[in-house]
Amino acid sequence: MGGGRFLEQHLAPGKCLMKFLQEKIKKRILALLKNDYEIADTDLVFSLPAERKFGDLSTNLAFILAKKTKNKPFLLAKAMAEKLHNQLPEIESIQVAGGGFVNFYLRREPFLLYQWQTRDRTLPSRSEKVIVEHTSINPNKAAHIGHLRNSCLGDILARCCRFLGYEVEVQNYIDDTGIQIADVVWGLLYYQKKNLAAIKKISGLAAYLWDLYAEVNQAFAVNEKFAAERRDVHKKIEEKSNPEYQACRYIAEQVLLDHIRTMARLDIQYDLLARESDVIAMDFFKAAADELTARQVMVPSQDPEKKGCLVIHYERENIEKIIVRSNGTITYVGKDIAYNLWKFGLLPRDFSYRLFFTYPDSHDIHMTAADPGSTVPPFGRADKVYNVIDVRQSYLQSLIAQVLQQLGHPGPSRNFIHFSYEMVAMTPACVREMGLPLAVEEENKSYVEVSGRKGRAVKADDLIDQLIAKSGHELESRNSGLSAAEAEPIARAIAVAALRYFMVKFNLNTVIAFDFKEALNFEGDSGPYLQYTMVRLNSILKKAGTVGLETEKEPGSPSLLDDKEKELYWEMILNLSLLEIQVEYALANHELSSLATYTYSLCQKFNHYYHQFPVLAEKNPAIKNLRLTLILLFKNKVKKLFKIIGIIIPERM
RNA sequence: GCGCCUGUAGCUCAACGGAUAGAGCGUUGGCCUCCGGAGCCAAAGGCUAUGGGUUCGAAUCCCGUCAGGCGCGCCA
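Scoring rules and cut-offs
- Along every chain, residues carry numbers that run from 1 in the direction the sequence is written.
- The lettering of chains begins at A and the numbering of ligands begins at 1, in the order of writing.
- Owing to the predicted nature of the model, reporting of local features is limited to residues with pLDDT of at least 70; listing and counting of side-chain atom pairs is limited to 80 or more, with chain, interface and lining totals taken over all residues.
- Think of the side-chain values as coming from all heavy atoms in the structure, minus any hydrogens and water.
- The salt bridge definition used is simple: a Lys or Arg side-chain nitrogen within 4 Å of an Asp or Glu carboxyl oxygen.
- When a residue's accessible area, from a 1.4 Å probe over protein chains only, is under 20% of the maximum for its type it is buried; when over 50% it is exposed; and in between it is partly exposed.
- Numbering of helices and strands runs from the N terminus, with a helix taken as a DSSP run of H or I at least four residues long and a strand as a DSSP run of E at least two residues long.
- Multiply 1.5 Å by the residue count of a helix minus one, and that product is the helix's expected span.
- Note on contacts: a residue pair qualifies if any of its non-hydrogen atoms lie within 4.5 Å across the two residues.
- Polar contacts, as used here, are pairs of N or O atoms within 3.5 Å; protein pairs need one atom able to donate a hydrogen and one able to accept it. Residues neighboring in sequence count only if both atoms are side-chain atoms.
- Pairs of strands are assigned from DSSP output, requiring at least two bridges between the strands.
- Between N-to-C directions, angles span 0 to 180 degrees; the directions come from axes that are lines fitted to C-alpha atoms, helices contributing only their stretch in contact.
- The nearness test applies per residue and asks whether one of its heavy atoms lies within 4 Å of the molecule or strand.
- In this classification, the charged set is Asp, Glu, Lys and Arg, the nonpolar set is Ala, Val, Leu, Ile, Met, Phe, Trp, Tyr, Cys and Pro, and all remaining amino acids, among them Gly, are polar.
- What we call a nonpolar core is a set of buried Ala, Val, Leu, Ile, Met, Phe, Trp, Tyr and Cys residues that are connected through their side-chain atoms within 4.5 Å.
- When describing relative orientation, an angle under 35 degrees is termed roughly parallel and one over 145 degrees roughly antiparallel, while 65 to 115 degrees is termed roughly perpendicular and anything else oblique.
- Domain start and stop positions are those given by an automatic or database domain assignment.
- Take the accessible area each of two parts loses on contact, using a 1.4 Å probe, and add the two losses: that sum is the buried area.

Section: the pattern of salt bridges
Reasoning step 1: Summed over all chains, the structure comprises 42 salt bridges.
Reasoning step 2: We note a salt bridge from Lys236 to Glu244, for which the minimum N-O separation is 3.8 Å.
Reasoning step 3: On the accessibility criterion, Glu244 (3% relative accessible area) is buried.
Reasoning step 4: In this structure, Arg392 engages Glu449 in a salt bridge whose closest nitrogen and oxygen atoms are separated by 2.5 Å. Pair noted here: Arg392 is in the loop between β13 (384-390) and α15 (394-406) and Glu449 is in strand β16 (residues 448-449), with a separation of 57 residues, a long-range link.
Reasoning step 5: Its relative accessible area of 42% is what places Glu449 among the partly exposed residues.
Reasoning step 6: One connected set of salt bridges, linked through shared partners, spans Lys19, Arg126 and Glu584.

Details of helix α23 (residues 563-576)
Reasoning step 1: Given a rise of 1.5 Å per residue, 14 residues ought to cover 20 Å, and the 20 Å separating the end C-alpha atoms of α23 matches this to within 8%.
Reasoning step 2: All of the buried residues along α23 are Glu565, Tyr569, Trp570, Glu571, Met572, Ile573, Leu574, Asn575 and Leu576.
Reasoning step 3: Taken together, the buried residues of α23 touch α2 (17-33), β4 (101-106), α5 (108-117), α24 (579-588), α25 (593-612) and α26 (621-645).
Reasoning step 4: Here α23 starts with a cap whose side-chain oxygen sits 3.1 Å from the backbone nitrogen of Lys564, and that cap is Asp562.

Side note on the sheet that holds strand β8 (residues 298-300)
Reasoning step 1: Across the sheet, which stays open at both edges, the three strands sit in the order β8-β9-β10 with antiparallel pairing between neighbours. With partners counted over all chains shown, the strands left at the sheet margins are β8 and β10 (319-324), one partner each. Neighbour-to-neighbour, the strand axes of the sheet open up by a mean angle of 45°, direction not taken into account.
Reasoning step 2: Alignment of β8 against strand β9 (residues 310-314), held across three bridges, turns out to be antiparallel. Directly across from Met298, in β9, lies its bridge partner Ile312.

Observations regarding the protein's contact with RNA strand B
Reasoning step 1: Around RNA strand B sit 70 residues in total, of which Arg325, Arg478, His608, Tyr610 and Met653 are the nearest.
Reasoning step 2: Protein-proximal atoms of RNA strand B, defined as those within 4 Å of the protein, fall in sugar or phosphate at a share of 64%.
Reasoning step 3: One of the side-chain nitrogen or oxygen atoms of Lys543 is found 2.7 Å away from a phosphate oxygen of RNA strand B.
Reasoning step 4: Taken together, the residues that form the surface near RNA strand B break down as 30 nonpolar, 18 polar and 22 charged.

A word on the environment of Lys637
Reasoning step 1: Within the fold, Lys637 resides in helix α26.
Reasoning step 2: Sequence separation of Lys637 and Glu276 is 361 residues, and the distance between their C-alpha atoms is 41 Å.
Reasoning step 3: Beyond its immediate sequence surroundings of up to four residues, Lys637 is in contact with Gln115, Leu576, Leu579 and Glu580.

So, the nonpolar core
Reasoning step 1: Among the nonpolar cores identified, the biggest contains 180 residues, and Phe104, Ile251 and Phe514 are the most heavily contacted of them.
Reasoning step 2: The next biggest cluster of nonpolar side chains, apart from the first, holds 40 residues, and it includes Ala288, Ile337, Tyr339 and Leu399.

Observations concerning the packing of helix α19 (residues 484-504) against helix α21 (residues 527-544)
Packed helices, taken two at a time, are described by the angle between their axes plus the distance between the axes.
Reasoning step 1: Between α19 and α21, the least distance of the axes is 7 Å, while the angle of their chain directions is 130°. By the angle between their directions, the pair α19 and α21 is classed as oblique. Mapping the contact onto sequence places Ala493, Ile494, Ala497, Ala498 and Tyr501 in α19 and Gly527, Pro528, Leu530 and Gln531 in α21.
Reasoning step 2: Across the contact of α19 with α21, the residue classes break down as seven nonpolar, two polar and no charged.

Regarding the sheet that holds β16
Reasoning step 1: Ordered in space as β16-β15-β17, the three strands form an open sheet in which the pairing is mixed. Looking at which strands have only one partner, the edges of the open sheet turn out to be β16 and β17 (512-514).
Reasoning step 2: Each of β15 (424-426) and β17 touches helix α6 (residues 145-163); the most contacted strand, β15, lies at about 150° to it.

Description of the pairing of strand β12 (residues 364-369)
Reasoning step 1: With five of six residues buried, β12 lies mostly within the body of the structure.
Reasoning step 2: Pairing of strand β7 (residues 272-275) with β12, which is carried by two bridges, proceeds in the parallel orientation. Bridging from a neighbouring strand, Leu272 pairs with His366 of β12.
Reasoning step 3: Two elements, strand β11 (residues 352-358) and β12, share six bridges in a ladder whose sense is antiparallel. The residue of β12 that forms the bridge with Arg354 is Met367.

Description of the domain arrangement of chain A
Reasoning step 1: Examined at the domain level, chain A breaks down into domain 1 (3-117), domain 2 (129-421), domain 3 (429-519) and domain 4 (527-645).
Reasoning step 2: One C-alpha centre belongs to domain 2, the other to domain 3, and the line joining them spans 27 Å.
Reasoning step 3: The partner domain 3 presents 29 residues to the 29 residues of domain 2 that form the contact.
Reasoning step 4: A buried area of about 2500 Å², summed over both sides, lies between domain 2 and domain 3, and 60% of it is on carbon and sulfur atoms.
Reasoning step 5: A per-residue breakdown of the area domain 2 buries against domain 3 is headed by Ile145, Arg149 and Arg265, which together make up 31% of the total.
Reasoning step 6: Counting across the interface, domain 2 meets domain 3 through six salt bridges.
Reasoning step 7: A salt bridge links Arg265 to Asp461, with the nearest nitrogen and oxygen atoms 2.8 Å apart.
Reasoning step 8: Run the count over domain 2 and domain 3 and you get 13 residue pairs in polar contact (both at pLDDT 80 or more).
Reasoning step 9: Elements supplying a minimum of two residues to the side of domain 2 that touches domain 3: α6, α7 (179-191), α9 (205-222), α11 (244-264) and β14 (416-421).
Reasoning step 10: Here the element with the most residues in the side of domain 2 that touches domain 3 is α6; it accounts for eight residues.

Re α9
Reasoning step 1: Taking 1.5 Å per residue, 18 residues should reach 26 Å; α9 reaches 26 Å between its end C-alpha atoms and fits that length.
Reasoning step 2: What α9 keeps buried is the set Leu205, Ala206, Leu209, Trp210, Leu212, Tyr213, Ala214, Val216, Asn217, Ala219 and Phe220.
Reasoning step 3: Where α9 is buried, its residues contact α7, α10 (224-238) and α11.

Structure (structure tokens):
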């Protein structure tokens, strides 16, 4: 059989089988062909052919060499295949097709056995630390669907990094000093004439402020006196003058707690809340400014209109960005430059920290502080920084990367990653459906922007509530005799899966035109479809009584299967083996949607398979065992994908 | 005006420069004597906006045109 030898050669700890195999074959091919051809290492790339008749691994090497040597690709491919014949113990056969592709057919039996035996391995941890900043919602109103895309992407990104072995720290930046929060402080104190005690009586403050924020913005637009008062409130907050300052602190913290609770409903957690007020209080910018000035990155503006301002020249668009205003205050970008320098450990100072919140699973969130605090795990000092921020801030983010470079930090500049994604908009139909106003010129657009100022968006909690309600109804109609206590966690799990999958399945540069019908879809390309696949799979395993099977039995030989099943079986095994490669690809290409697509295609293949080949009814014990082990292997791999996407598997549904 | 992004089935979206451009929804027809129908099978539906170019090979890369979106503030 040769299975033993095969395993002996491949048992390298912590490596994914497919990746290891590709590297090994690659090395061998290069060694065998290097004398005859001029091959760069990067010329040799494997891909999975679309159809299995073209093999399990394929390379277009012959086409590349043909270009270099002005030979015919087909002849080169033939020669290569000849040379490699019988030289690769893992390969059953090599074929040339499609005018020059060299296609490799794996020896299936040992491949299957090895994959089975190594299925519980995890990837080794890496020494690099990654910071993912996401969510970062202004603490002046409830979170909406736009924020949900940010948080879901950020959370899945963090989970990808963890899966691949990185140390991950999730930060959420809190702008607790901006004009937006002054808007609602004015609204509560001046417009509604509430005192702090009255404000503290409001339950669900974030949702309450959602309406108030829209209302006061209308008021500012029509009444200059109100707008002037609001500017005054902002000034008072900056001067820490009460009652405005106290109200601001209270509101920021309460709304932040509401955001944390909203995101916790979706299993999204944070490690550190970095407050803008602490960036200011700790004088982070001053430390950065010394360096910026010394290197002449930040200079006094020559533009008469920007007299007295310190600016940075943004090279790509040849414009200058104000960093310090003529009145000496620092702009958002200035603070962000300092904050991001700190993330890389490039500022000669640090925050203090305090414990802010503990999740039911006992995970802690810390918050930055300006006064000397307790000792906590060291935050910051990242090797790589992902900032999950929508595409509209591209220019500011790329300005920060430019500044890192100019300050003599090429490494961090390279590892400063704006994880950019397109906005969530709404279809005009959806806006109308919600009874929200729509301008005449917006009627015929395919989508319109969401806006907190206009109160035009679906609140995150409302959407989650709707998803849970729908899940509950579906559950009720499918499961008689399910108690409310049993149904509740299942409904939540389904809602979370639907929402998280919906938010990750689109490419990052695709605008999501939000529509309830699509977001509430539980069929086809959706989170609940994935769950349903797994729930039924578990049901089969339960009935099969597989206790003990996992550790004892090996799959056996797929050659027992008839031709049709054999091909489908192998198709599953081969695709499952790509897990680690798929996650690496998603991260490297910033395309988390590819994970959704991959997971969905695995589930489709599985459904297709088991509808044709029943497990429990199978009389032949060897065949039954093959099918059962396939199910177990599928479960093992897909559970890992579910964990990354954030999908919980319900008991039933 | 300058910068970035997008145009693929009726609709919403996929597709490392690769082999016959794929899914879901919708439409039409079939499958519960079943391992749970949130499922499965099948059909119809495409000059990948458009005109050139590069390449053995282009939805994908380059140039032009048309259409749309976003950004460019002493806001954050």
